Amino acid sequence: MVKSTPMGALYLAVFLLSSATLVFEITLTRVFSVAQWYHFAFMTVSLALLGFGASGTFLALRPQLLKRDLANSVASLCLLFSVCVMGSYLVSNHVPFDSFRIAYDRRQILFLSVYYLSLTVPFFFTGLTVGLLFAAMPERAGRTYFANLAGSGLGCLAALAVLSVVGGEGTIIFASLLSAVGALGLAWRRSWVRFGLALTFAGLLGVCVLRPPDMFEINMSPYKALSHTLRQPQARLTYSRWNAFSRIDVVESEAIRSAPGLSYMFPGAPPSQKGVFTDGGNLSPLTAASPGTDLDFLNYLLVSLPYELVSRPRVLILEPGAGLDVMVAVHHDAAHVVAVDSNPLVIELVRDRYSEFAGGLYALEKVMVVAEEGRSYVHRTKQEFDIIQVSLDDSFKPVTSGAYSLSEDYLYTTEAFADYLNHLAPGGMLVVQRWLQTPPSESLRALALATSALQSLGVERPAEHVVALRSLYTGLLLIKEDGFTSEEMEVIKSFSQDRRFDLIYYPDIRPEEVNRYSILEEPYYYEAYLSLLQTADAGSYYASYPFDVTPPSDDHPFFFHYFRWEQTPQIMQALGRTWQPFGGSGYFVLLALLALAVFASLMLILLPLAFLKGRHEVKQGRRLFFYFSLLGIGYLFVEIPLLQRFILFLGHPTYAFATVLFTLLTFSGLGSLASSRVSLRKVLPGLVVSIAFYPFLLPHLFGWLLGAPLSFRLLASVVILAPLGFLMGFPFPQGIRLTDRIAPGLIPWAWGVNGCASVLSAILAVMIAISSGFSRVLLFGGAAYALALLAIYPLAGGTGVAGGSAADVSSQD
C-alpha cells in the first residue's frame, strides 16, 4: 500500500515522531534525576530502549501489518505514541516504587517492573513506525533513515529549549504534542476519525503544556533532601525553576542550618539561612548577610584557614553554590574574588532575587561572578590567584558501595588539579574540602589527585607540598607547589588548636599531634595519608587499598567510583541493612541491569523469532544477525564515550548530550541519504580508521579549545563530530537494502536484533568506561564496525549496500 501514500507527509510524520521520542527521552533523564537519582535516570531509559527491539520482533511475527494502508498505520502509531507518552509518565510517576526498600520488600520488584515496562511502550511504537517503513519501503531506506535521524537530532535541541520554558512536566506534554501533530498531517483527508482524535488530543495537550495538571507534578522520592526539608515544621517552598540541565528550588525554614566544616568551638548559631536545592538534592545554604548580621561563624569554618596564611588574596572559587565560600572570602578581606558557577539559575538567585537577604554579596565591587564551567574558565583565564578553592558543592553521600559510580566530575581529575596549580601566583595554594568517610575515601582520593598533579608538574616530593586538617565531618586539603614555610606551619597549628580542628598531615608531623579533638578509634586519616605519601610505588598502594582511590583522569573522571570486586562479600553481607538506594547494592545495580536486559532481550526479541525458523529466509540470516548486532554495538560504543568526553568540553552533561546526539544523528541522516552511492566495502574501513583516530585527536583539540567561549565550543563540537556522524550513517540503510535483496522477510527481524544489541551495548559501554576509561570503549566501537565488515563482506559485493542503531532515535548516556 505504498503507491498512494503521501510521501512528504509520511516523512514529516516520522520526523516529528522521532523528534518527540528524543524530547521524551532527554526529559525523562531530567525528570528522574529530580524524582530519584542520576544513576536511576540512566537505568530507566536504558531499559526503555528495549521497546525498539521488541517492535522489530512484533513486526516480524505480524507481517500482515505491511499489507495495510501505510499512511493510516503511521498516523495511528503516532497517535498511540502520543497517548502512551502521557500514560507511561503518569504510571511511572505514581507507582509506589521505593528503591530504599527493595532489598526487603518483595512488592518493590513488582513496582520496579511496572515502572520499566510502562516506559518501554512509547519507544515500542516509535520503533514499530520506523521498522514498518523499512520493511514496506526498503528501497527508500536512506530517506526513511534520514527523516528518523534528522528528527531525532532536532529533538535534542528542542528538549533543551522547551525544558527552560515549561519545565520537566510541560516538556513531557510537549513531546506528546509533537507526535500528535505528526498524526494530524497524515490523517488529513484520509481518515476523519483519526484526524478528529488527533486534533482533539493535540488541542488538549496544547492547553496543558504551559500549565500542566496537578497529577503531572513530579512525585519526588521521600528520601531526597528537598522532600526531607519540606517535612520540617513551617517549611515552605518559595521558588522553583527549571533550565535545560537542572531544577532549582528554594525552601525557607527555621530548621535549615548548614555550615560544613564548622568548629564545635563556635559559641553561637549561624544566621538565618534558606536552602537552595539542585534536582531535589545537594543543599546549598543561602546565608543571611544584611547589614547588622553577625557573621562571626565564618571565622570558625575550616575553609577560613587559607585566609590566615595570605593577606588580601586574589581568590578563585569554583562552584560556590549559594555563595557561602564567597562570603568567607569577602569576610576575610580578600582583595578580589572570582566566583565561577556553571548554573546561571543559582547565580540569579543570589545576585537578583535574594540579593538583599544575602547582603548584596554578588553585587560587591570586589566580587566578579562568572556563569561558566570551572574547567573552561580556568583554562582560558590569564589571571593568577593566591587561592583557588574547589567548593564542597554536593551533599554527603556514602560512596564506598559504588552507588554513585555513574557520576562523572571533571573538576576532580589529575588534569584539572594540574591546571589549577598552574594558575596559582607564587606562594599561592589550592584548597579542596571533601566529606569524611571511614575508611578514608573521598578525602584520600583528593590527596591522590594532588600528588598525581604535582608529579605531572615535575614535583619530586609531593609529601612536602600538602597539608591536611579535619573537622568532625569534613577534611581540608591545602596544596602549594612551592611548599609551606615554617611560619605558615605555625599559623596552621595555632588555627587548628584554637578551633579544635584535627591535623591529619603536614611535613614532619608527629603521631602525637593527630586525633586530639574529634577523636576516632584509630587515626585512620593520618595513617592513610602517611601511607600514600610515603609509598615508593603508588600503583601498588592503590591496588592493595580496600577501595579504588586511584586518581581520576579526564578519560576516566569517576571521582565517586570506589568499588572493587574484593568488596563483594561485604556488600552482599550488608545488602538491605544500609539506608541507600537498592539496599546499598551500589555497582551491582549495573550488573543486575545487564542481566535483566539480557533476559528481556531473549524473551521480547530473540525467543519469539524461533517461530520463524521454518522459513527459508532465516537460513540466510546468520551473517545478517551478526552484522546488525555489531552495528548496534558499534554505534553505542562510539556514541556513549563521545557523550561523556564532551561533558568536559561543553561544561554540562545536558549540553554534551544534546550537541553530540544532534550532530551524530543529523549527519548520520545525511550519510544515509548518500549511502546508495558508495560501496559498503569502502565506507566501513574508513569508518573504522576514523574511530581509531578520535581517542588521540580529542585530548589535543580540547586542550586547544577548552578556554574558548561556549558558543564557539558548540560550533567546534559540530565540526569535530560531523565527519564521523556522516560515515556512521552509511552501514544501516545499506544493510537494509542488502537484506531486501537476499532475504526481504528478515528486515523487521534485523531491526529487532539491532535494537537488542543497542540496549545491551548501552549498559556495557558504561561499565567498561567506569572500569577502563572512555578511550577503550571508543576503540571497542571501532572493533565492532571492523567485525561487522568481516561479517557482511561476502554478501556485500561491490554495490552500495549498509551505522546505526535502532536506538539512534533514543540513545542514552
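Refer to the structure printed above.
This write-up is about the structure you can find in this document. Computed from a predicted model, the values in this text were never measured in an experiment.

**What to know about the layout of surface pockets**
Right, so step 1: What the second largest pocket holds in volume is close to 490 Å³.
Right, so step 2: Lining of the second largest pocket is provided by 25 residues; of these, Glu169, Glu217, Ser240, Trp242 and Arg247 occupy positions nearest its centre.
Right, so step 3: Those elements that provide at least two residues to the lining of the second largest pocket are helix H6 (141-187), helix H7 (192-210), helix H8 (225-230), strand E1 (236-243) and strand E2 (246-252).
Right, so step 4: Here the lining of the second largest pocket takes six residues from H6, the largest share from any one element.

**Some remarks on the packing of helix H21 (residues 622-650) against helix H25 (residues 731-742)**
Right, so step 1: The contact between H21 and H25 brings their axes to 11 Å, and the two run at 165 degrees. As summarised for this structure, H21 and H25 are arranged roughly antiparallel, according to the angle between their axes. Crossing hand, H21 versus H25: left-handed. Between H21, through Leu624, Tyr627, Phe628 and Leu631, and H25, the contact on the second element is made entirely by Pro731, Phe732, Gly735, Ile736, Thr739 and Ile742.
Right, so step 2: The class makeup of the residues in the contact of H21 with H25 is eight nonpolar, two polar and no charged.

**Description of unusual backbone geometry**
Right, so step 1: Residue Pro439 follows Thr438 across a cis peptide bond; omega there is -5 degrees.
Right, so step 2: With respect to the element layout, Pro439 can be found in the loop between strand E9 (424-435) and helix H14 (442-456).
Right, so step 3: At Asp279, a residue that is not glycine, the phi angle is positive and equals roughly 55 degrees.
Right, so step 4: Tracing the backbone through its elements, the reader meets Asp279 in the loop between strand E3 (273-278) and strand E4 (281-287).

**Looking at the packing of helix H1 (residues 7-35) against H6**
Right, so step 1: Where H1 contacts H6, the axes come no closer than 4 Å and their chain directions differ by 35 degrees.
Right, so step 2: For the contact of H1 with H6, the class distribution of residues is 28 nonpolar, 13 polar and two charged.

**Some thoughts on the sheet that holds E1**
Right, so step 1: Taking strand neighbours across the sheet as the criterion, the four strands line up as E1-E2-E3-E4 in an open arrangement whose pairing is antiparallel. Two strands close off the open sheet at either side, each with one partner strand: E1 and E4. Geometrically, the sheet is characterised by an average inter-axis angle of 20 degrees between neighbouring strands, direction not taken into account.
Right, so step 2: Relative to E3, E2 runs antiparallel, the two being bridged by five bridges.

Scoring rules and cut-offs
- Residues numbered from 1 in each chain as written.
- Predicted model: local features only at pLDDT ≥ 70, side-chain atom pairs only at ≥ 80, totals over all residues.
- Heavy atoms only, no water.
- 1 Å grid on protein atoms, 1.4 Å probe; cavity = no way out; pocket = protein on both sides within 12 Å on 5 of 7 lines; lining within 4 Å.
- Points joined across faces, edges and corners; volume = space filled by probe spheres on them.
- Helix = DSSP H or I, 4+ residues; strand = E, 2+ residues; numbered from the N terminus.
- Axes fitted to C-alpha atoms, helices over the stretch in contact; angles between N-to-C directions.
- Parallel < 35°, antiparallel > 145°, perpendicular 65-115°, else oblique.
- Left-handed = near helix turned anticlockwise from the far one by under 90°.
- Contact = heavy atoms within 4.5 Å.
- Nonpolar A, V, L, I, M, F, W, Y, C, P; charged D, E, K, R; others polar.
- Pairing = 2+ DSSP bridges.

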